[in-house]
Amino acid sequence: MPLRPHLLAACVALGLAACTSVPVARTAAANRPAPTAQTLNSGGVMPAEQARVHFDHAELHFAVDPAAQSIDASATLSFTAKSATDTLLLDLDRNLPISAIELGGQPLAAGAWSNPDGRLRIRLPAPLVAGGKVRVTIRYGGKPHVAKKAPWDGGFVWSRTADGQPWVASAVQGEGCDLFWPCIDQPQGEPDLIDTYITVPKTLAAPGNGVLVGITDTGDRHTYHWRAKHPDTYAISINVGPFKLLKGDYASRYGNTIPMELWYLPEHAAGAKQLFGEFPRMLDFFEQQIGPYPFGDEKMGVVETPHLGMEHQTINAYGNQYRKNGYGYDSLLQHEFAHEWFGNQLTNADWDDMWLHESFGTYMQPLYSQYLNGDMDYFSWLHNLRLLLRNHHPIVSGSSKTEEQVYDETAGPGQDIYNKGALMLHTLRQLIGDQAFFDSIRRLVYGRPDPRPGNFSPRYASTNDYVAIVDQVSGRDLRWFFDVYLRDAALPRLDEQRDGDTLKLRWVTEHGKPFPMPIEVQVGDTVHTLSMQDGSGQLQVPAGSLLIVDPRSKVLRDASYVVDYQQWMKQQRAAKSAQK
Ligand SMILES: [Zn+2]
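From a predicted model like this one, the values you see are computed outputs, not experimental measurements.

Before going further, it helps to examine unusual backbone geometry. In the segment running from alanine 150 into proline 151, the intervening peptide bond is cis, with an omega of 0°. Mapped onto the secondary structure, proline 151 falls in the loop between strand S8 (133–142) and strand S9 (155–160). Even without being a glycine, histidine 230 presents a positive backbone phi close to 45°. Judged by its relative accessible area of 23%, histidine 230 falls in the partly exposed class. The backbone phi angle of glutamine 321 is positive, close to 55°, even though this residue is not glycine. Tracing the backbone shows glutamine 321 in the loop between strand S19 (316–318) and helix H5 (331–338). Judged by relative accessible area, glutamine 321 falls into the partly exposed class, the value being 42%.

Our next topic: the confidence of the model for the protein. Caution applies to low-pLDDT parts of the model: their predicted coordinates are not meant to be read in detail. Per-residue pLDDT for the protein has a mean of 95; in total, 95% of the residues score no lower than 70. Low pLDDT, under 50, characterises residues 7–13; the stretch is placed with 18 contacts to residues that sit more than four places away or in other chains. Here residues 15–28 is a poorly scored stretch, pLDDT under 50, and it has 38 contacts once near neighbours within four places are set aside; other chains count.

Turning next to the coordination of the zinc ion. The reference angle at a metal is 109.5 degrees if four donors form a tetrahedron and 90 or 180 degrees if six donors form an octahedron. Around the zinc ion, the protein contributes the donor atoms Met1 (N), Met1 (O), His335 (NE2), His339 (NE2), Glu358 (OE) and Glu358 (OE), which lie 2.0 to 2.7 Å from the metal centre. In terms of primary sequence, the donors binding the zinc ion are separated according to M-x333-H-x3-H-x18-E.

Counting 161 residues, the largest nonpolar core has Phe62, Tyr140, Trp181, Trp355 and Tyr466 as the members making the most contacts within it. Counting residues per element, this core draws most heavily on helix H9 (residues 419–446), which supplies 14 residues. Excluding residues within four positions of it along the chain, phenylalanine 62 makes contact with Ile71, Asp72, Ala73, Tyr140, Phe180, Trp181, Tyr197, Ile198, Thr199 and Ile238.

At a minimum axis separation of 6 Å, helix H6 (residues 355–373) and helix H7 (residues 375–386) run at an interaxial angle of 160°. In terms of their interaxial angle, H6 and H7 are classed as roughly antiparallel. Judged by the twist between their axes, the crossing of H6 over H7 is right-handed. Between H6 and H7, the contacting residues are Thr362, Tyr363, Gln365, Pro366, Leu367, Ser369, Gln370 and Asn373 on the first element and Asp375, Asp377, Tyr378, Trp381, Leu382 and Leu385 on the second. For the contact of H6 with H7, the per-class residue count stands at seven nonpolar, five polar and two charged.

It is worth spelling out the state of the cysteines at this point. Throughout the structure, instances matching the rule amount to one disulfide. Covalent S-S linkage joins cysteine 177 and cysteine 183, the inter-sulfur distance amounting to 2.2 Å. Its S-S torsion of approximately 90° makes the covalent link between cysteine 177 and cysteine 183 right-handed. Accessibility classification places cysteine 177 together with cysteine 183 in one group, the buried group.

Attention now goes to the pattern of salt bridges. Counted according to the given criterion, the structure contains 21 salt bridges. Across the pair lysine 202 and aspartate 217 runs a salt bridge, and its minimum N-O distance is 3.1 Å. Taken together, the residues lysine 202 in the loop between strand S11 (193–201) and strand S12 (211–218) and aspartate 217 in strand S12 connect sequence positions 15 residues apart. Across the salt bridge formed by arginine 253 and aspartate 284, the nearest N and O atoms sit 3.7 Å from each other.

Strand-to-strand pairing in sheets goes through backbone hydrogen bonds, with the strands running parallel or antiparallel. Reading across from one edge, S3-S7-S6 is the order of the three strands in this open sheet, with antiparallel pairing throughout. Whereas interior strands pair on both sides, the edge strands pair on one side only; in this sheet they are strand S3 (85–91) and strand S6 (113–114). Bridge count between S6 and strand S7 (residues 119–128): two bridges; the pairing is antiparallel. Bridging across to S7, tryptophan 113 finds its partner in isoleucine 122.

The rules behind the values
Residues numbered from 1 in each chain as written. Predicted model: local features only at pLDDT ≥ 70, side-chain atom pairs only at ≥ 80, totals over all residues. Heavy atoms only, no water. Helix = DSSP H or I, 4+ residues; strand = E, 2+ residues; numbered from the N terminus. Buried < 20%, exposed > 50% of the residue type's maximum accessible area, 1.4 Å probe, protein only. pLDDT = per-residue confidence, 0-100. Contact = heavy atoms within 4.5 Å. Donors = N, O, S within 2.8 Å, 3.2 Å for Na, K, Ca; no water. Core = buried A, V, L, I, M, F, W, Y, C linked by side-chain atoms within 4.5 Å. Axes fitted to C-alpha atoms, helices over the stretch in contact; angles between N-to-C directions. Parallel < 35°, antiparallel > 145°, perpendicular 65-115°, else oblique. Left-handed = near helix turned anticlockwise from the far one by under 90°. Nonpolar A, V, L, I, M, F, W, Y, C, P; charged D, E, K, R; others polar. Disulfide = S-S within 2.5 Å. Salt bridge = Lys/Arg side-chain N within 4 Å of Asp/Glu carboxyl O. Pairing = 2+ DSSP bridges.

In structure tokens:
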């Protein structure tokens, strides 16, 4: 998901698309009852009934009626019991009424299931033993929840193109898959395989996740059949519009050929052509720096959406209106595309580990800027991220969280999972060196150091998994590093004292945790490295000599001038809004 829009000047300097205002898509949420809190939440502690099953396959059929803003749908879901169970527990918005449920093709009595609050409880006629399989078909439909401000406040977006044709998208990261299909609304609720059938008027197209299996005609409508492996639960998406298609092939350094697709609105042909021209370069970068594109046997796919963007697996939502930034690429697309590695290939075990998606996803923009144009663009990007830091709550809490709790700006880490985490990764890279740093990323993303197409599949990982990987590749115990940057709210502060010609440095952390972070100090023409083993160090600095602490900007730390600037910006905004 892109950063929430906000007003800091840093955004403008950054050219960060997510910071600029985007026209709100025309939507109509005419007096529909709101989904329950259960439905609007995603993740948290997984109920025992859901933990008892493995999700083998989902076959989803959607007939989309843009005029009525409704869907007529059925879902056939297959599960294998991991342990004995007499109940199937799924998540589905109760505002999408269920007309029938079948088990193994047999209709189920109405009394055998209920969905009072968005939690669909199906009592199985015969209990399943471990290893037993069940196939359930759920027929449902109605008006799915309309997004208030997609993608941050998500749901369906019913929009229209300039010439009045329907333009529809879904974006449900925050609320989860249960806004439009019966699922296990958890990061670890991914089915092994999904087939989606999307039926739309023949004047419209329906690009989807994975590979296009075929298109079938039924009167004045047609059905797109897509198939995807291991889709992230919130990455299953509906896209409908009068799209045109740009197609090409990318010859990967790993020997495979990756199909590329951009589904765009006809009125944006020129912008689309330019954006499509960026695809190979982005693939080059990620395959060079991180590893093989995880879905090379499906496609690199992008579709134009009325909302800003979302990391929908192999069909990334793109709504940045083909705008340029000062770094020579479309940062919105590059960010969402990064999530194919950090989000879709590697999925956080729990929303509490969401920084694994967003910190890495955000660090890919400075890294790509460096790859394209060198250090000036890299550091410029990083510094602008720094101006956005909040440091109010730790990035990782250590307990299971919902998506909403993580994105909560008052009680959760909010945007720090993007910016602070990205700056932390820069610091980690300086601390352990490029080789260990990129090795750690490969092991995190693919679960192995030598990924090649065919020898890995999508996986889950937690914060502790990554810390263990970094310890392994660096041969050091770096828990202190993550304990301060991820589990404290405040940044470490470097206390500087002068005693005659002696400069005394000491790390101060929020809870007195150890922080043996080496620091470079330039005195005159010489750069010294203080190991800071016990958290402190000292150096002779003759009066009047040039002194720069951390001259190469290696270490993320508290900086009072940044906080002062943020305060000043806040006052400016308050004064401006008071004038209005
Ligand atoms: Zn993101």
